[in-house]
Amino acid sequence: MTVRSRLVGLSGLAVAALVGVVASGAANAAVSENPVVTPVFNGPVYAVATAGNVVYVGGEFNSAVVRGKQAVRTRLAAFDATTGALLNWAPAADRTVRAVAVDPDGSVWAGGDFQTVDGQPRDSLARISAAGALDPVSFRVSGGSPRALAVGHGRLYVAGVFNAVNGVKRGNVAAIDLATRTLSGWSARTDDVVNALAVGGDRVYLGGAFHRVNDVGSTARLIAVKRDGGAVDMGFRPRPDSIVWGVTVSGDRVYAALGGRGGRAVSYTLNGVAKWAITTDGDAQAIAALGNTVYIGGHFDHVCRTARNGDHGVCLDGSVSRVKLAATDVDGKLLPWSPQGNGIRGVLALVANAQVGVVAAGEFTMLDGRSQKRIAVFR
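The structure presented is a predicted model; accordingly, all values stated were derived computationally and were not measured. (Residues numbered from 1 in each chain as written. Predicted model: local features only at pLDDT ≥ 70, side-chain atom pairs only at ≥ 80, totals over all residues. Heavy atoms only, no water.)

1. What to know about the state of the cysteines
Right, on to step 1. Evaluation of the coordinates by the stated rule reveals 1 disulfide.
Right, on to step 2. A disulfide bridge connects Cys304 with Cys315, and the sulfur atoms are separated by 1.9 Å. Here Cys304 and Cys315 share a disulfide; its torsion about the S-S bond, -70°, makes the bridge left-handed. With Cys304 in strand β32 (residues 302–304) and Cys315 in the loop between β32 and β33 (319–321), the pair connects residues that are 11 residues apart, well separated along the chain.
Right, on to step 3. Given the relative accessible area of 15%, Cys315 is considered buried. (Disulfide = S-S within 2.5 Å. Helix = DSSP H or I, 4+ residues; strand = E, 2+ residues; numbered from the N terminus. Buried < 20%, exposed > 50% of the residue type's maximum accessible area, 1.4 Å probe, protein only.)

Laid out in structure tokens, this is it:
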């Protein structure tokens, strides 16, 4: 590994060591490069959530394929990650599903552009039981749609681009009280789209294209707000200089996937200090952590050896091939894990946990030259 130990300005902060990574004899990543057998899908998968061994997915597909046989699944589906079996859970959304989350009782929340689920009116947000029954309680998300959902603090946090929920003004961020299934009084507001949500401790982390949160300055693109009331937590203001597509919290680190000229995966302390970053030649769009490994997905084809890239994100000082997927250790050292993907947009969602492993989803149709359409589970 090559480490550039000079001070480098990253997102308005001085970073002690920006990692220009090179594959070497690093320890292997925690999961295999070879995906297990699961259903695949005939259209993009934009959202993933897990509950035990079950993987829930949402997107813009209308069928799942299991060992060559098609089964109707209209923008929502579920499968067992251990056995690879497609489950009977099959609610049908009339338009794109962009986010899914599972609440503690096992019910699944879906958010997106849809107006109906199973033929019943559901304006961009719906709750569906683990048995596939649509909850009779409905919501109306006005002025846009959710892009991200996260469960924590007894709430479902909803973020995206919208201006009201159930007729109550909300600025791209809202919360549903899980116990009562009513709109919570908790709120935060942003001046532009929120693409990503993560819950950690007493905070809710927001990532996106916004420049101000709750009218507070120096809150661009990545910020934490408090579980009580939604005020900006002034102890975390990293100020990345490009759009944030993904965010996750693991231990004492916050990891973010950034776009821009090329892309970045950045590790921040809970105080918002950037500890390391790696540079890619296309957007990093999703990020997840499992054990001592950080997984990165996007539409990049290479990880750059240094932070310098030029037009269209081209690495200026050499690069290492990592097509749509890459992994580092917790210190930002690039690992050999490299299940080479394909496609233009590539990987759009990542979820990682000890029970399921790592789930990657998006628009890819190949991994390592073999057919693997839009979903992959690595163990």
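2. A look at the pairing of strand β31 (residues 293–298)
Right, on to step 1. Taking burial as the measure, the 6 residues of β31 include 6 buried ones, the bulk of the element.
Right, on to step 2. The alternating pattern of β31 places Thr293, Tyr295 and Gly297 and Val294, Ile296 and Gly298 on opposite faces, both of which are buried.
Right, on to step 3. Note that strand β30 (residues 284–290) and β31 share 6 bridges and pair antiparallel. Counted as the bridge partner of Ala286 is Gly297 from β31.
Right, on to step 4. Taking the residues between adjacent antiparallel strands as the criterion, β30 and β31 are bridged by 2 residues, where Gly291 takes a positive phi near 60°.
Right, on to step 5. In this structure, β31 lies alongside strand β34 (residues 325–329), joined through 5 bridges in antiparallel fashion. By the bridge assignment for β34, Thr293 is matched with Asp329. (Pairing = 2+ DSSP bridges.)

3. Examining the sheet that holds strand β7 (residues 54–59)
Picture the strands of a sheet paired through backbone hydrogen bonds; they go either parallel or antiparallel.
Right, on to step 1. Across the sheet, 3 strands lie side by side as β6-β7-β10; this open sheet has antiparallel pairing. A strand with exactly one partner marks an edge of an open sheet, and here the two such strands are β6 (45–51) and β10 (76–80). Sheet twist, expressed as the average angle between the axes of neighbouring strands with direction ignored, equals 20°.
Right, on to step 2. Taken together, the 5 bridges between β7 and β10 define a ladder with antiparallel strand orientation. In the strand pairing of β10, Gly58 is matched with Leu76. (Axes fitted to C-alpha atoms, helices over the stretch in contact; angles between N-to-C directions.)

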